[in-house]
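Residues per chain are reported as follows:
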Amino acid sequence: MTGGGFDRRTLGTGAAEQIRVLHVDDDANFRELTKTFLEKLRDEFTVTSFEDPTTAIDRVDEFDCIVSDYQMPDVDGLDFLSLVRERHERIPFVLFTGQGSEEIASEAISAGVTDYLQKAGNRDQYEVLANRLENVVARHRSEQRLRDSERRYRELADTSPVPMGIHVPDEGIIYVNDAAVEFFGAETADEILGQSPVSLMHPDDRAAVADRVDSLFEDREAIPGEPERFVGVDGEVRTGIVSAVPTTVAGQPAAHVVINDISSYLDAKARIGAQQSLVQAIIDTLDDLVYVFEDDSLVRWNQRVPEVLGYDEATLAGMGPLDFVPAAMEPAAARYLRQIEKDGRATGTFDLVTADGDHLTYELEGFAVDHEESTFRVGLASPADETPGRRDPERDR
């Protein structure tokens, strides 16, 4: 990609990708024949020839592959290969030589040559060479794309605040990012690498997790996020929502695992729950009736409400404010509710109807509370001055 444009070799258009060939041979006639035949056999080939390997070495980065003779003055093909590998570890290098022997072939392979082809002295050899070059360049480009993809993944994963890792069945965990190291309470990634992911789970969760892992590799389908408990190398239990998708690493089945750490959320939730329990315990100690309505439905109350009015918990849930007053008082109760809505506070004296049908007279004080985009009506009800026939039997205990 240059100057905002795209190199067409990176596009999935199906067009043949250009292959730039660097050819080194001290025989001028053979250099010319090789260039002529390769470019005639393959439109995508562009061949640039050199007589001297020491001259060609500075141009290696401009090409997709190298074809070199073996027997050359001063620097032979294997010496040239050594010079190339110092600059470029992976560029395809094909030794194309008239000096054929098992010893040379063995030496060339040991030196890291990509392919070895003996000159045959006929035109067919160029078709064979063209095929070899196509194959080695295609493999090299595929491997390079994979390396680029892995590099981009590592750059993204290494800096991600979300714990990530890669699991290969026969090797265990082969990669974790810094966030995962911290999540598992480790000092370094080495404390985690090589372990089975199941071994890091809470003992009570391991069987279920092992089944999910087996399913991922058998079905090659992503595992949806589910909360799981982990035991870190520091012994601490942490909870995360785990998602995993199948992938491949170096041709092996693997799983890309992402953990959304919800330990802090669960801790905060537990603290909130404890605070709510404390608030409930406090209001349960009051003799007054305490109640909370949301959208005209009773959503919270203290213990005095069921004790005094006789309704069970299931019945109370969802009862409306007008359900607690006799029909004759409903208009006055409705005005009381509207005043709370208008002024934020109201007081009034009303009869409350018990589950048994008795009427108990209470002084009500209600006020509005806005919380998280909802408005609640909160009220306190205290027994009114007792009059004959209107005693609260619960108050005489």
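As shown above, the structure is provided for reference.
Residues numbered from 1 in each chain as written. Predicted model: local features only at pLDDT ≥ 70, side-chain atom pairs only at ≥ 80, totals over all residues. Heavy atoms only, no water.

Undergrad: Explain the overall build of the protein to me, and be specific about the residues and the numbers.
TA: A count of helices and strands for the protein gives eleven helices and 15 strands. When the 397 residues of the protein are sorted by exposure, 39% land in the buried category. Long-range pairs, those at least 24 residues apart, make up 49% of the contacts in the protein with a sequence separation of at least 6. Surface summary for the protein: the accessible area is close to 22,500 Å², and the carbon and sulfur share equals 49%. (Helix = DSSP H or I, 4+ residues; strand = E, 2+ residues; numbered from the N terminus. Buried < 20%, exposed > 50% of the residue type's maximum accessible area, 1.4 Å probe, protein only. Contact = heavy atoms within 4.5 Å. Areas by Shrake-Rupley, 256 points an atom, 1.4 Å probe, with all protein chains shown as cover.)

Undergrad: Tell me about helix H1 (residues 28-41), residues and numbers included.
TA: For H1, built from 14 residues, the straight-helix expectation of 20 Å at 1.5 Å per residue is met to within 8% by its first-to-last C-alpha distance of 20 Å. Buried within H1 are the following residues: Phe-30, Arg-31, Thr-34, Phe-37 and Leu-38. Buried residues of H1, viewed axially, fall in a sector of 145°; they line one side. Turned more than 90 degrees away from the buried face of H1 sit Asn-29 and Lys-40, all of them exposed. Contacts from the buried residues of H1 go to strand E1 (19-24), strand E2 (45-50), strand E4 (93-97) and helix H5 (124-159). Measuring from the side-chain oxygen of the N-cap residue of H1 to the backbone nitrogen of Asn-29 gives 3.0 Å; that N-cap residue is Asp-27. (Expected span 1.5 Å × (residues − 1). Arc of directions from axis to C-beta. Polar contact = N/O pair within 3.5 Å; in protein donor to acceptor, adjacent residues only side chain to side chain.)

Undergrad: Please set out the sheet that holds E1 residue by residue, giving values where relevant.
TA: Pairing is parallel in the open sheet, where five strands are placed in the order E2-E1-E3-E4-E5. Both outer strands of the open sheet, E2 and strand E5 (115-118), are each paired with one neighbouring strand and no more. Averaged over all neighbouring strand pairs, the angle between strand axes comes to 20°, with direction disregarded. Pairing between E4 and E5: four bridges, direction parallel. Bridge pairing in E5 links Leu-95 to Tyr-116. Strands E1, E2 and E4 of the sheet are contacted by H1, whose axis makes an angle of about 175° with E2. (Pairing = 2+ DSSP bridges. Axes fitted to C-alpha atoms, helices over the stretch in contact; angles between N-to-C directions.)

Undergrad: Account for the environment of Leu-360, naming residues and giving values.
TA: Summarising the element assignment, Leu-360 is placed in strand E14 (residues 359-371). Judged by its relative accessible area of 4%, Leu-360 is buried. Sequence-wise, Leu-360 and Phe-350 are ten residues apart; in three dimensions their C-alpha atoms are separated by 8.2 Å.

Undergrad: I'd love a proper account of the pairing of E14, names of residues and values included.
TA: Remember that side chains alternate between the two faces of the sheet whenever the strand is regular. Across nine bridges, the pairing between strand E13 (residues 345-353) and E14 is antiparallel. Counterpart to Gly-348 in the pairing with E14 is Leu-364. Between E13 and E14, which pair antiparallel and follow one another directly, the connecting turn spans five residues, one of which, Gly-357, has a positive phi of 95°. Bridging between E14 and strand E15 (residues 374-383) involves ten bridges; their strand directions are antiparallel. Paired with His-371 across the bridge in E15 is Ser-374. Following E14, the chain reverses through two residues before pairing antiparallel with E15; Glu-372 in that reversal takes a positive phi of roughly 50°.

Undergrad: An account of the nonpolar core is requested, with residue identities and associated values reported.
TA: Among the nonpolar cores identified, the biggest contains 25 residues, and Leu-316, Phe-324, Tyr-336 and Tyr-362 are the most heavily contacted of them. For this core, the secondary-structure elements that each account for two or more residues are strand E11 (289-294), strand E12 (297-301), helix H9 (304-309), helix H11 (330-343), E13 and E14. Once residues lying within four places of it in the same chain are set aside, the contact partners of Leu-316 are Leu-298, Trp-301, Val-305, Pro-306, Tyr-311 and Phe-324. (Core = buried A, V, L, I, M, F, W, Y, C linked by side-chain atoms within 4.5 Å.)

Undergrad: Summarise the side chain of Arg-304; cite the residues concerned and give the values.
TA: Take Arg-304: it is sitting in helix H9. Using a relative accessible area of 4% as the deciding quantity, one classes Arg-304 as buried. A distance of 3.1 Å separates a polar atom in the side chain of Arg-304 from the backbone oxygen of Asp-287.

Undergrad: Report on the packing of H1 against H5, specifying residues and quantitative values.
TA: Between H1 and H5, the shortest axis-to-axis distance is 10 Å and the interhelical angle comes to 65°. Relative to H5, the element H1 lies roughly perpendicular. Seen from above, H1 lies across H5 with right-handed handedness. Residues Phe-30, Leu-33, Thr-34, Phe-37, Leu-38 and Leu-41 of H1 form the contact with H5, whose own contacting residues are Gln-125, Tyr-126, Glu-127, Leu-129, Ala-130 and Leu-133. Residue composition of the contact of H1 with H5, by class: nine nonpolar, two polar and one charged. (Parallel < 35°, antiparallel > 145°, perpendicular 65-115°, else oblique. Left-handed = near helix turned anticlockwise from the far one by under 90°. Nonpolar A, V, L, I, M, F, W, Y, C, P; charged D, E, K, R; others polar.)

Undergrad: With reference to specific residues and values, describe the environment of Leu-200.
TA: With respect to the helices, strands and loops of the structure, Leu-200 is situated in the loop between helix H6 (178-183) and helix H7 (206-219). Taking the relative accessible area as the measure of exposure, Leu-200 reaches 4% and is therefore buried. Apart from residues lying up to four places away in sequence, Leu-200 is in contact with Ile-173, Phe-184, Ile-192, Gln-195, Phe-230 and Val-231.

Undergrad: Tell me about the side chain of Arg-31, and please be specific about residues and values.
TA: Tracing the backbone shows Arg-31 in helix H1. Summary of buried charges: Arg-31 has no salt-bridge partner, and the nearest side chain of opposite charge, Glu-51, is 4.3 Å away. Here Arg-31 is in contact with His-23, Asp-25, Asp-26, Ser-49, Phe-50 and Glu-51, once residues within four sequence places are set aside. (Lys, Arg positive; Asp, Glu negative; His and termini not counted. Salt bridge = Lys/Arg side-chain N within 4 Å of Asp/Glu carboxyl O.)

Undergrad: For unusual backbone geometry, give the residues involved together with the corresponding values.
TA: Within the chain, Asp-74 stands out as a residue other than glycine whose phi angle is a positive 70°. Looking at the secondary structure, you find Asp-74 in the loop between strand E3 (65-68) and helix H3 (77-87). With relative accessibility at 82%, the residue Asp-74 sits in the exposed group. Notably, Asp-295 is not glycine yet its phi reads approximately 50°, a positive angle.

Everything listed here is a matter of geometry and, on its own, says nothing about what the molecule does.
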